[in-house]
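# Inside the fold
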Amino acid sequence: MSLPAIKPWSAKVVLMALALGILSGCNSTLKKPEVKPAALVNLPSNQFSLRAVFTDGLSSDDDRDPLRLQPARISSGYLAAGRGGEIARYDLAGNQLWSQSIKNPIVSGVAANENLLVVGDRKGRILAYDLAGKLIWKTQLDSPTLAPALLLDQVAIVQLNNGTVTALDLSSGEVRWNFSINIPPFSLRGMASPVELSPNIVAVAAADGRVHAIRVDLGVPIWARKVAISSGTNDFNRLVDTDADPIFYNFNLYTASFQSQLLGIDLRTRQQIFEQALSSTKTPALDNEHIFVVDELGVIHAYDLQNGNKVWTQRSLIARGLSNPVVLNNQLIVGDQDGYLHSLNPQNGQVNGRERTKGAVLTLTRSGLDLLVQTNKDVISVWRPQAR
């Protein structure tokens, strides 16, 4: 049977469920084959280890919803939000300085600078607090955002669930402009955060399979580039989406898409550097030589950053619900659904270390030598490389 026409928010839930193989009742061709999580192999010893700086739990909500909540690092400590509606600030040692509830589930954040933090709630409100926990402004928008905002000097840029990109005045929350993107009726539950290309240009990867470059001052488009190509014989197999954040590095833009490809583009010439067939909803990671991608099955791939040639593939963590990868202190780190943090040698993909937190790891964020972790239980933790 065909999928019913449903609202975009519901469609995101339905198709994420299909991607995870947990919906039944429609055409069996829409169901993904079940793959058993790979068993962890014993490591002779941790060649690379992490130590926990602190761990804390915030109020949670539906732990099955694959939201991208993530802590943020500022010079004086850390800021975090739980999907249950709690926001909190910590000092550098992990002591909680304050916490409070916004009385609605939080679905995006934390975005922060040295003056304020910004989160989005399920009702479509964007809220900004100062670092003492005082509400500075709140703005009601037409749709929620499911990805952290991009904070620039004067505006916060958010991508909404209905395809609108909105710029909010950072001081008042006033809407500066809206830019509408025509999104398909079905897409995954999730979205990419805007990224800064220059002081007056941001790039937004959207559910239409394109990256849109937009002027910050006017909200007008500069260019758009198709980065995800649809194919297949039914609604699910034709679905493409770009939930991973684009990465801008050395004038090149790298994107990964669901059921499509990994793409490298030279923005100086707008020419394609390489493409690799790939399906991923996770933001890739880079070092000086490689781009690392976790695909939808949990296979980790490393490609040459300049030409896209495959360097290695690591399959020992397949179907373990891997998070986005990050590079920390010359190691590649990924989290999994059982709370493990796996360290890999970025040169050959060998797993060489393992630590554990509580809950399924949803997001990893690197700030200097800090690894910021948030799980589906809204346990937040900060880790640093352990001296050996």
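Residues numbered from 1 in each chain as written. Predicted model: local features only at pLDDT ≥ 70, side-chain atom pairs only at ≥ 80, totals over all residues. Heavy atoms only, no water.

Looking now at the sheet that holds strand E11 (residues 155-159). Pairing within the open sheet is antiparallel, and its 4 strands lie in the order E10-E11-E12-E13. Each edge of the sheet is formed by a strand with only one pairing partner; in this case those strands are strand E10 (150-151) and strand E13 (175-180). Bridge count for E11 against strand E12 (residues 164-169) is 5 bridges, and the pairing is antiparallel. Residue alanine 156 lies in a different strand from E12, and its bridge partner there is leucine 168. (Pairing = 2+ DSSP bridges. Helix = DSSP H or I, 4+ residues; strand = E, 2+ residues; numbered from the N terminus.)

This part is about empty space enclosed by the protein. Following the criterion strictly, the structure yields 2 cavities of 30 Å³ or more and no others. In this structure, the second largest cavity encloses a volume near 30 Å³. Lining of the second largest cavity is provided by Ser108, Gly109, Val118, Val119, Gly120, Ile126, Thr145, Pro148, Ala149 and Val158. When residues of the lining of the second largest cavity are assigned to their parent elements, the largest contribution, 3 residues, is made by strand E7 (residues 116-121). A breakdown of the residues in the lining of the second largest cavity according to their chemical character gives 6 nonpolar, 4 polar and no charged. (1 Å grid on protein atoms, 1.4 Å probe; cavity = no way out; pocket = protein on both sides within 12 Å on 5 of 7 lines; lining within 4 Å. Points joined across faces, edges and corners; volume = space filled by probe spheres on them. Nonpolar A, V, L, I, M, F, W, Y, C, P; charged D, E, K, R; others polar.)

It is worth spelling out the pairing of strand E28 (residues 340-344) at this point. Residues in a regular strand project their side chains so that they alternate between the two faces of the sheet. With 5 of its 5 residues buried, E28 lies for the most part within the structure. Of the two faces of E28, both are covered, the one formed by Tyr340, His342 and Leu344 as well as the one formed by Leu341 and Ser343. Strand direction decides the pairing type here: strand E27 (residues 331-335) and E28, joined by 4 bridges, are antiparallel. Within E28, the residue paired with isoleucine 333 across the bridge is serine 343. The turn joining E27 and E28, which pair antiparallel and follow one another in sequence, is formed by 4 residues; a positive phi near 90° is taken by glycine 339. Here E28 folds back onto strand E29 (residues 351-356) in antiparallel fashion, the turn holding 6 residues, of which glycine 349 has a positive phi close to 80°. (Buried < 20%, exposed > 50% of the residue type's maximum accessible area, 1.4 Å probe, protein only.)

We now examine the confidence of the model for the chain. Of all residues in the chain, 86% attain a pLDDT of 70 or more, and the chain-wide mean is 88. Predicted confidence for residues 1-30 stays below pLDDT 50, and this span has 50 contacts to residues more than four positions away or in other chains. (pLDDT = per-residue confidence, 0-100. Contact = heavy atoms within 4.5 Å.)

Moving on to the environment of aspartate 241. In this fold, aspartate 241 is placed in the loop between helix H2 (235-238) and strand E18 (247-249). C-alpha separation for the pair aspartate 241 and isoleucine 229, spaced 12 residues apart in sequence, amounts to 9.3 Å.

Turning our eyes to something else, we now look at the nonpolar core. Counting 15 residues, the largest nonpolar core has Ile87, Ile106, Val110, Leu117 and Val119 as its most contacted members. At the level of secondary structure, the elements contributing two or more residues to this core comprise strand E2 (72-74), strand E3 (77-81), strand E6 (106-112), E7 and strand E8 (125-130). (Core = buried A, V, L, I, M, F, W, Y, C linked by side-chain atoms within 4.5 Å.)

Let us look at the packing of aromatic side chains. For any pair of aromatic rings, geometry is given as the distance between the ring centres together with the angle between the planes. The final tally for this structure, using the stated rule, is 4 aromatic pairs. Residues phenylalanine 292 and tryptophan 312 carry aromatic rings whose centres are separated by 6.0 Å and whose planes lie at 35° to one another, so their mutual orientation is tilted. Highlighted residues: phenylalanine 292 in strand E23 (residues 290-294) and tryptophan 312 in strand E25 (residues 310-314), separated in sequence by 20 residues. Across the pair, tryptophan 312 and phenylalanine 292 agree in class, each one buried. Each residue in the set Phe54, Tyr78 and Tyr90 is aromatic and connected to the rest through ring pairs, giving one cluster. (Phe/Tyr/Trp six-rings, centres within 6.5 Å; stacked < 30°, edge-to-face > 60°.)

Relative to E13, E12 runs antiparallel, the two sharing 5 bridges. Residue pairing for E13: threonine 164 is matched across the bridge by serine 180.

Moving on to the sheet that holds E8. Within the open sheet, the 4 strands sit side by side as E6-E7-E8-E9. Their pairing is antiparallel. Because the sheet does not close on itself, it has two edges, and the strands there are E6 and strand E9 (135-140). Ignoring strand direction, the axes of neighbouring strands in this sheet form an average angle of 15°. Across 5 bridges, E7 lies against E8 in antiparallel orientation. Across the sheet, valine 118 pairs through a bridge with alanine 128, a residue of E8. (Axes fitted to C-alpha atoms, helices over the stretch in contact; angles between N-to-C directions.)

What follows covers the pattern of salt bridges. Under the definition given, this model contains 11 salt bridges. We note a salt bridge from aspartate 121 to arginine 125, for which the minimum N-O separation is 2.7 Å. The shortest N-O distance in the salt bridge between aspartate 266 and arginine 268 comes to 3.2 Å. On the accessibility criterion, aspartate 266 (15% relative accessible area) is buried. By relative accessible area, which is 56% here, arginine 268 ends up exposed. (Salt bridge = Lys/Arg side-chain N within 4 Å of Asp/Glu carboxyl O.)

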